[in-house]
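Secondary and tertiary structure notes
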Amino acid sequence: PDIYCVFGNPIAHSRSPAIHAAFAASTGEDLLYTARLAPVDGFAAAVAAFVAEGGRGANVTVPFKEEAFRLCDELTPRAARAGAVNTLSFVAGRILGDNTDGAGLVADIAGNLGFALSGRRILLLGAGGAARGVIEPLLAGAPAALSIANRSADKAEALAAAFSDIAAVDAGNFAKMAGKSFDLVINATSASLSGDSLPLPPGIFAPGALAYDMMYGKGETPFLKLAREQGAARCADGLGMLVGQAAEAFAVWRGVRPATGPVLAMLRAALS
Ligand code: ATR
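Residues numbered from 1 in each chain as written. Predicted model: local features only at pLDDT ≥ 70, side-chain atom pairs only at ≥ 80, totals over all residues.

Let us look at the overall build of the chain. If you tally the helices and strands in the chain, you get 10 helices and 12 strands. On C-alpha atoms alone, the chain measures out to a radius of gyration of 18 Å, which is about the 19 Å that the 2.2 N^0.38 rule sets for 272 residues. Along the three orthogonal principal directions, the C-alpha set of the chain runs to about 55 × 40 × 35 Å. Here the chain holds 272 residues, and the buried ones make up 44% of them. (Helix = DSSP H or I, 4+ residues; strand = E, 2+ residues; numbered from the N terminus. Rg over C-alpha atoms; globule rule 2.2 N^0.38 Å. Buried ≥ 20, exposed ≤ 12 C-beta atoms within 10 Å, placed from the backbone.)

On to the site of the ligand. In the vicinity of the ligand, 16 residues are found, and the nearest of them are Gly128, Gly129, Ala130, Arg151 and Asp196. Ranked by residues supplied to the shell around the ligand, first place goes to helix α6 (residues 129–140) with three residues. Looking at the shell around the ligand residue by residue, the class counts come to five nonpolar, eight polar and three charged. (Near = placed C-beta within 6 Å. Nonpolar A, V, L, I, M, F, W, Y, C, P; charged D, E, K, R; others polar.)

A few words on the pairing of strand β1 (residues 2–8). With five of seven residues buried, β1 is to be regarded as a mostly interior element. In terms of strand pairing, β1 meets strand β2 (residues 31–37) through seven bridges, oriented parallel. By the bridge assignment for β2, aspartate 2 is matched with leucine 31. Handedness of the crossover joining β1 and β2 through helix α1 (residues 16–27) is recorded here as right-handed. Here β1 runs beside strand β3 (residues 57–60); their pairing, made up of four bridges, is parallel. The partner of phenylalanine 7 across the bridge, within β3, is valine 60. (Pairing = 2+ DSSP bridges. Right-handed = clockwise from strand over helix to strand, strands pointing away.)

So, on to the domain arrangement of the chain. With domains assigned, the chain is organised as domain 1 (2–99 + 240–271) and domain 2 (115–237). Of note, the centres of domain 1 and domain 2, computed from C-alpha atoms alone, are 26 Å apart. The set of elements that each furnish at least two residues to the side of domain 1 that touches domain 2 consists of α3 (65–71), α4 (77–82) and α9 (239–254). Taken together, the residues of the side of domain 1 that touches domain 2 break down into five nonpolar, three polar and four charged. (Domains from an automatic or database assignment.)

Now the structure itself:
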């Protein structure tokens, strides 16, 4: 079989091997996908070793996406925009970098959840790598407006400036969003990892609004709990984005797009 893997640190709990095994089975593609722990200071060496073993491609997760971006010989436009790479292809001695995170998010929101982005007011929370990776795909959905709120306003403003050739993006700290309301609010912060709650101004959820957390876990995430309490009509966690980015990576490598519904159902069942 052709071999693929995911690099991360930590990586033991990655769902990617199970997801890609299911995709391979459903599409009849002959591939083997494993999880590989790379030392924090040894990502490039780990990639080189995998290429030497005949690896055809790899996914990249925390904390290596920016380093993967710098390692690539060639980038897709969406990876160049994202400033981060989650999908590597090893072709004829060259490393090609792509980023499928934004496509996975949009496929989940617009596809699985049936929430069209066109004409919607979107608020993106966070201005780190996770936020940056999804801005271009969100703007491609032709929303009415995109705002970025971040704990440190300067990072949100810098991010908005980086996309100003595509659209005017409003940016600031959380308090700056007071008095506005949004149809879609996406959490791309890592606040819940430190157990912190986000200072969402009241009233930001418009009637019918969808709250989307790029995080997921057993049970309701802290952001989705807060969103529900503040009146979000619909809530979704990031499990669908995880499966969506994997499906997009699989399509990049194999030229076949696997169905995501059954795999998402399998992961959801394993979480409950
Ligand atoms: P990632 O790759 O997950 O985006 P990152 O680049 O370190 O990681 O970005 C983390 C994001 O979560 C940032 O937007 C960060 O806000 P700051 O830019 O102000 O640091 C946000 N974040 C992390 N912890 C947070 C907290 N406790 N409250 C609010 N925002 C938080």
